Amino acid sequence: HFFTFTMTLYVLSVALTVSLMANCQAGQPPRFSWDTLPVFYHASNSSGPFTDEAINIMAKYPMVTIEKFQGTCNYARGTPDCDQEQVIIDTLKRVKTANANVSTIMYMNSVLDFPYYKMHATMQANKGYMLHTSSGAIFKKKGDHFDGDVFDWTVDGMVQLYTDTCINATKTGYVDGCFADRAVENISAGAVAHESDWNGAHLKALQQLSAAIAPGPFVANHAYSEPGLSAAMVESCFATADGFSEYQASLNTGKITQCHCGGDTHLKCTEADPKFNSTIAMFLIGAQPGAYFGCGAWSYEGTNVSDFNLWLDVYDRPLGEPLANATIANDVYTRHFASGTWAEWNITSGVGQVYWASN
């Protein structure tokens, strides 16, 4: 009986994966070039729609993710009527219209059920889709500004709801992939009745979704070494030995890898900040095809292009293909590029610098 049960689960799992892949419109992976610093943009405008000028600048990036704060009807004060999914899709539609070659990505959280996403209405109507404690109460997990309900990845209906939300976005033709926040976050032992089942089901469902939307990117936050995921973000990509190790681990598993800094207070996205320069130097020391650098806040407010940290001067500097892998001597990595640009970075101190070739 155990064998029959196990085989049945396996067949159902394969069937779900095949079904997902058959019904998904193929997305577009981000283009990559060594001509200049390979970059991506991940942000939102919580004060309303981006201006056309801002969208046109955003469309210069090979990869754009719109974060969960887009528009005025969002976060703790929002309801499912906000339909944050559609707000993000509408914004990415404008980016795609400006440049069809941009790989566009919709933000989703893989743990918290945000009340202003349309998904939340279905979650409310199906309380069994929510994770519960051992005593039967709805389990809550801390978010940025509130304690939120948690998706129960052991429930088939919930898995289908989440995957359909991402896949249906890709079917519009304006979204190429999805971003899964908290992708490797687990539930602590004892918090719920089946935390080990939840932890395994969480990763497995994300792996199936990544395969389903391929070759569109599925960006799993912090998923550096986990297999079966096409892309990962190194959030708060610090110019430290640990930060470099995470960045390299992700690239070495063949993932599209986003090195993101500036989403917190550890540096400012300007060459006047030595930490910013050091982070770019570290990025270039380890860069491979599929590596992308980004700097900025998760959300902005304003109407002027200057309000959104859209494009930095350093993004236009000449780079060129690397002449070789980085070399190291006395803890200092060095790497040279075809344009004459070169970078050095001290793995012990974290200090580095890029010496840009003239245009």
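If you're wondering where the values come from, they're calculated on a predicted model, not measured in any experiment.

Thresholds applied
Sequence order sets the numbering: in each chain, residues are counted from 1 along the sequence as written. Only residues with pLDDT of 70 or above have their local features reported here, since the model is predicted, and side-chain atom pairs are shown and tallied only from 80 upward, although totals for entire chains, interfaces and linings are computed over all residues. Just so you know, side-chain values use all the structure's heavy atoms and leave hydrogens and water out. Here, nonpolar core means buried Ala, Val, Leu, Ile, Met, Phe, Trp, Tyr and Cys residues that are tied together by side-chain atoms lying within 4.5 Å of each other. Each residue is assigned to one of three classes by its accessible area relative to the maximum for its type, calculated with a 1.4 Å probe on protein chains only: buried under 20%, partly exposed between the two thresholds, exposed over 50%. Residue contacts are defined here by distance: any two heavy atoms, one from each residue, within 4.5 Å place the two residues in contact. Any Lys or Arg side-chain nitrogen found within 4 Å of a carboxyl oxygen on Asp or Glu counts as a salt bridge. Axis lines are fitted to C-alpha atoms, over the contacting stretch for helices. Their N-to-C directions set the angle, which ranges from 0 to 180 degrees. Segments assigned H or I by DSSP are reported as helices when at least four residues long, segments assigned E as strands when at least two residues long, and all are numbered from the N terminus. Oblique is the label for every angle not falling under 35 degrees (roughly parallel), over 145 degrees (roughly antiparallel), or within 65 to 115 degrees (roughly perpendicular). Rotating anticlockwise by less than a right angle from the far helix to the near helix defines a left-handed crossing, while the corresponding clockwise rotation defines a right-handed one. Note that Gly is not counted as nonpolar here; it falls among the polar residues with everything else outside the nonpolar set of Ala, Val, Leu, Ile, Met, Phe, Trp, Tyr, Cys and Pro and the charged set of Asp, Glu, Lys and Arg.

J.: Please clarify how the nonpolar core should be interpreted in this entry.
T.: A general tendency of soluble globular proteins is for nonpolar side chains to be buried together. Counting residues in each nonpolar core, the largest one holds 109 residues, and the members touching the most others are Tyr-41, Trp-153, Tyr-162, Leu-284 and Phe-293. Ignoring anything within four residues of it in the chain, the contact list for Phe-293 reads Leu-37, Pro-38, Val-39, Phe-40, Cys-259, Cys-261, Phe-276, Thr-279, Ile-280, Phe-283 and Tyr-315.

J.: Can you walk me through the pattern of salt bridges in this structure?
T.: Pairs can form between side chains of opposite charge whenever their charged atoms are close. A full pass over the atoms with the stated rule returns seven salt bridges. With a shortest N-O distance of 2.6 Å, Lys-68 and Glu-67 are connected by a salt bridge. Taking the relative accessible area as the measure of exposure, Lys-68 reaches 3% and is therefore buried. Lys-140 is the partner of Asp-149 in a salt bridge, and the nearest nitrogen-oxygen pair spans 2.4 Å. Here Asp-149 falls in the buried class, since its relative accessible area comes to 7%. We classify Lys-140 as partly exposed; its relative accessible area is 46%. Here the salt bridges do not stand alone but share partners, grouping Lys-141, Arg-182 and Glu-185 into one network.

J.: What am I meant to see in the packing of helix α5 (residues 156–171) against helix α6 (residues 195–213) here?
T.: Helix-helix packing: each pair is described by the crossing angle between the helix axes and the interaxial distance. Viewed as axis vectors pointing N to C, α5 and α6 meet at an angle of 25 degrees, and their least axial separation amounts to 11 Å. Relative to α6, the element α5 lies roughly parallel. Two packed elements cross with a definite hand, and for α5 against α6 that hand is right-handed. Residues Val-159, Tyr-162, Thr-163, Cys-166, Ile-167 and Thr-170 of α5 form the contact with α6, whose participating residues are Ala-205, Leu-206, Leu-209, Ala-212 and Ile-213. Broken down by class, the residue content of the contact of α5 with α6 amounts to nine nonpolar, two polar and no charged.

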